Amino acid sequence: MSAAVLPGQLGIPTALAERVERLARTFRDGGRQLYLVGGCVRDQVIGRALHDLDLTTDAPPDEIKRLAARAKPDGLYDVGAKFGTIGLIYRLPIEEESWTLEITTFRTEQYLDGTRKPEVEFGQSLEEDLARRDFTMNAMALDAHTGALHDPFGGQEDIAARTIRAVGDPSERFREDPLRMLRAVRFAAQLGLEIERETVRAIQQSAIELKRISRERIAQELTAALVSPRPDVGVRLATDLGLMEFCIPEVLPMRGVSQRPLHHKDVFEHTLGVLRNIPSDPLLRWAALLHDIAKPQTKGVHDGQVHFFGHEEQGARIARRILRSLHFDNRFMERIFKLIQMHLRVNSYDSEWTDSAVRRLVREAGEELDALVKLSRADVTSYRTERREAAALRADEFERRVQLLLEQEDIAKLESPLDGNALMTLFGKPPGPWIRPVKDYLLNLVIEGELGQDERERAAELAKQYAAEQGLV
Ligand code: ATP
Ligand code: MG
């Protein structure tokens, strides 16, 4: 057993740690156990930043609520009375940061043969609660009173060996809840761990069971893997282990589709490269995964040249269908659609483009312009440094041109605070060639930032001064 870690020593803000310690005291005074459990203990052992805290206790839900209220959190809610989980909200004074804590009564889950949903029952002991969890690294608990670590399945050892291992018999555990297979892949991508051999074998044998899982839960795990530090590892593993077939079967044909002599990598390897290149964001990572999804079916060879005519249009449509089947919302689908449809445009930019050509692209991309440029930059995965550098310079130049045009358009929108009519009234003079120089003078001051467009009175003063100096009136 490793050294005790008290809440105050967890890698969380001090203000939060103090309140967790207060919560722990309240439970102890009420004669109840309280443990930090699951992901937060794992992350603490790994040395990864904690983002939310889950706790477990022998107190039934009603009593959790009573005891928790005594510790005065800033908010208290029922996560689901059926599951016996109570949520606590803590608002921290610094940066208005807000944390949620969820406390759940010890549970056991029984999977009655033939049923898909577990019968959730309250358990009698911490050990029982830990035994129902998916992987050894997720089946550890930290006593909130004493700081003692409970690690009945060797989670620490597995973490030290960088291993993801199912608790108990892997096949049985995956049969109980097939989503765990995808969770294993997601954790591998997130944490840089490897899935242990028996666990791998069980996944390969049980992959088809993913069919029983709702598309929403699958989408959630896929997104978590995609925004992780190793999205390529997640996609490769899911594909190799046979899970991708039941998540996004359209990914499989990308494997082995050669792009030579145009590109060295096949479509699948190129896609993994784009995923590695692009910043972590759900929109960007999903666009990267799906941007060449139609290449397998649009591939053609003409005079020894490979081409993929129309893969961007067709790919956009396939991507939309995939995302719809995973229950993404319309806006997300349409954004991805546009990114994929336009994904070749920025990289076809060259210095010869006219301003109106640049403007057209900016207008078509609309709000997605920034994402489109990021996707275009990431899309160049050539081994050849000079190709990558040339592409980066091209994207830089494109962005400079856009910036310049936008500035020009902003300037074009500026006006003199006093128009011709206002000047005629001001000077009591009929229209004539004297107006233009005064107006230009005022407009220039606005462009230079020395006069506000709405400072009509100051503008009048300045106009009088200038007109007198120039002998215009
Ligand atoms: P994250 O850092 O992404 O929140 P996590 O491990 O905390 O990762 P959660 O989905 O928040 O993942 O689940 C909290 C804990 O509940 C897990 O650490 C694990 O102990 C348990 N758990 C979650 N999902 C399952 C599952 N499908 N089967 C068994 N145990 C699970
Ligand atoms: Mg969690």
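This structure is a prediction, so every number in the text was calculated from the model and none was measured.

Draft legend 1. The overall build of the protein, seen in detail. Per the secondary structure count, the protein includes 21 helices and 13 strands. Relative to the compact-globule value of 23 Å for 473 residues, the protein shows a C-alpha radius of gyration of 31 Å, a clear excess of over 25%. Taken along the three principal axes of its C-alpha coordinates, the protein extends 95 × 70 × 35 Å. Scored against the burial criterion, the 473 residues of the protein give a buried share of 48%. Of the contacts formed within the protein by residues at least 6 apart in sequence, a portion of 63% connects residues at least 24 apart. A total of about 23,500 Å² of accessible surface is found on the protein, and carbon and sulfur atoms cover 48% of it.

Draft legend 2. A look at the sheet that holds strand β4 (residues 85–91). Ordered in space as β3-β4-β5-β2-β1-β8-β9, the seven strands form an open sheet in which the pairing is mixed. Here the strands that pair on one side only, and so sit at the sheet edges, are β3 (75–80) and β9 (149–150). Pairing geometry for strand β2 (residues 53–57) and strand β5 (residues 98–105), over five bridges, is parallel. Paired with leucine 53 across the two strands is leucine 101, which belongs to β5.

Draft legend 3. Highlighting the site of ligand 1. Around ligand 1, the surrounding shell holds 14 residues, and the nearest of these are Arg42, His51, Asp177, Arg180 and Arg186. Aspartate 177 places a side-chain nitrogen or oxygen 2.8 Å from a nitrogen atom of ligand 1. Taken by itself ligand 1 offers 580 Å² of open surface, and the protein chains cover 78% of this. At four residues, helix α7 (residues 179–191) tops the list of elements feeding residues into the shell around ligand 1. Per-class residue counts for the shell around ligand 1 are one nonpolar, four polar and nine charged.

Draft legend 4. View of the domain arrangement of the protein. Here the protein is partitioned into domain 1 (7–161), domain 2 (248–411) and domain 3 (414–469). The C-alpha centroid of domain 2 is placed 43 Å from the C-alpha centroid of domain 1.

Draft legend 5. Region of the structure containing the packing of aromatic side chains. Tallying each qualifying case throughout the model produces eight aromatic pairs. Pairing tyrosine 35 with phenylalanine 106 gives two aromatic rings, centres 6.3 Å apart and planes at 35°, and the pair type is tilted. Placement of tyrosine 35 in strand β1 (residues 34–37) and of phenylalanine 106 in the loop between β5 and β6 (107–110) is noted, with a sequence separation of 71 residues between them. Under the relative-accessibility criterion, tyrosine 35 is labelled buried at 7%. Residues tyrosine 349 and phenylalanine 398 carry aromatic rings whose centres are separated by 5.5 Å and whose planes lie at 65° to one another, so their mutual orientation is edge-to-face. Placement of the pair is tyrosine 349 in the loop between α15 (330–341) and α16 (355–365) and phenylalanine 398 in helix α18 (residues 385–412), with a sequence separation of 49 residues. Each member of the pair, tyrosine 349 as well as phenylalanine 398, carries the same accessibility label: buried.

Draft legend 6. Expanded view of the pairing of β4. Across the seven residues that make up β4, a large majority, five, are buried. Sheet topology places β3 next to β4; five bridges connect them, and they run antiparallel. Directly across from glycine 80, in β4, lies its bridge partner threonine 85. Pairing of β4 with β5, which is carried by seven bridges, proceeds in the antiparallel orientation. Counted as the bridge partner of arginine 91 is serine 98 from β5.

Draft legend 7. A look at the layout of surface pockets. The volume enclosed by the second largest pocket comes to roughly 690 Å³. Around the second largest pocket, the lining is made up of 31 residues, and of these Leu262, His263, Lys295, Asp379 and Arg387 lie nearest the centre. If one sorts the elements of the lining of the second largest pocket by residue count, α18 sits on top with four residues. A class-by-class count of the residues in the lining of the second largest pocket yields 10 nonpolar, 13 polar and eight charged.

Draft legend 8. Spotlight on the side chain of histidine 307. Residue placement: histidine 307 occurs in strand β13 (residues 305–307). Discounting chain neighbours no more than four positions away, the residues touching histidine 307 are Thr298, Lys299, Gly300, Val301 and His302.

Draft legend 9. Seen up close, the nonpolar core. The biggest cluster of nonpolar side chains holds 116 residues, and the ones touching the most others in it are Leu23, Leu53, Leu243, Ile248, Trp286 and Phe398. In terms of residue count, α7 provides more of this core than any other element does, eight residues in total. Counting only domains with at least three residues in this core, you end up with domain 1 (7–161) and domain 2 (248–411). Core analysis: the second largest hydrophobic core is formed by 17 residues, Phe427, Trp434, Val438 and Ala459 among them.

Draft legend 10. Region of the structure containing helix α21 (residues 456–469). Under the 1.5 Å per step criterion, the end-to-end length of α21 is 20 Å for 14 residues, consistent within 8% with the ideal 20 Å. Buried residues along α21 sit in contact with α19 (420–427) and α20 (435–447). Once α21 ends, the next one or two residues include glycine 471, with phi positive near 65°.

Draft legend 11. Focus on the environment of glycine 420. For glycine 420, the position within the fold is in helix α19. The contacts of glycine 420, once residues within four sequence positions are left out, are Ile435 and Lys439.

Draft legend 12. Just the pattern of salt bridges, in detail. Overall, the coordinates contain 36 salt bridges when judged by the stated rule. The residue arginine 165 makes a salt bridge to aspartate 158 at a minimum N-O spacing of 3.0 Å. For lysine 374, the salt bridge goes to aspartate 370, with nearest N and O atoms at 2.8 Å. A residue pair is termed a helical-turn pair when its members lie 3 or 4 positions apart in one helix, as lysine 374 and aspartate 370 do in helix α17 (residues 369–378) at four residues.

Parameters at a glance
- Residues numbered from 1 in each chain as written.
- Chains lettered and ligands numbered in written order.
- Predicted model: local features only at pLDDT ≥ 70, side-chain atom pairs only at ≥ 80, totals over all residues.
- Heavy atoms only, no water.
- Helix = DSSP H or I, 4+ residues; strand = E, 2+ residues; numbered from the N terminus.
- Rg over C-alpha atoms; globule rule 2.2 N^0.38 Å.
- Buried < 20%, exposed > 50% of the residue type's maximum accessible area, 1.4 Å probe, protein only.
- Contact = heavy atoms within 4.5 Å.
- Areas by Shrake-Rupley, 256 points an atom, 1.4 Å probe, with all protein chains shown as cover.
- Pairing = 2+ DSSP bridges.
- Near = heavy atom within 4 Å.
- Polar contact = N/O pair within 3.5 Å; in protein donor to acceptor, adjacent residues only side chain to side chain.
- Nonpolar A, V, L, I, M, F, W, Y, C, P; charged D, E, K, R; others polar.
- Domains from an automatic or database assignment.
- Phe/Tyr/Trp six-rings, centres within 6.5 Å; stacked < 30°, edge-to-face > 60°.
- 1 Å grid on protein atoms, 1.4 Å probe; cavity = no way out; pocket = protein on both sides within 12 Å on 5 of 7 lines; lining within 4 Å.
- Points joined across faces, edges and corners; volume = space filled by probe spheres on them.
- Core = buried A, V, L, I, M, F, W, Y, C linked by side-chain atoms within 4.5 Å.
- Expected span 1.5 Å × (residues − 1).
- Salt bridge = Lys/Arg side-chain N within 4 Å of Asp/Glu carboxyl O.

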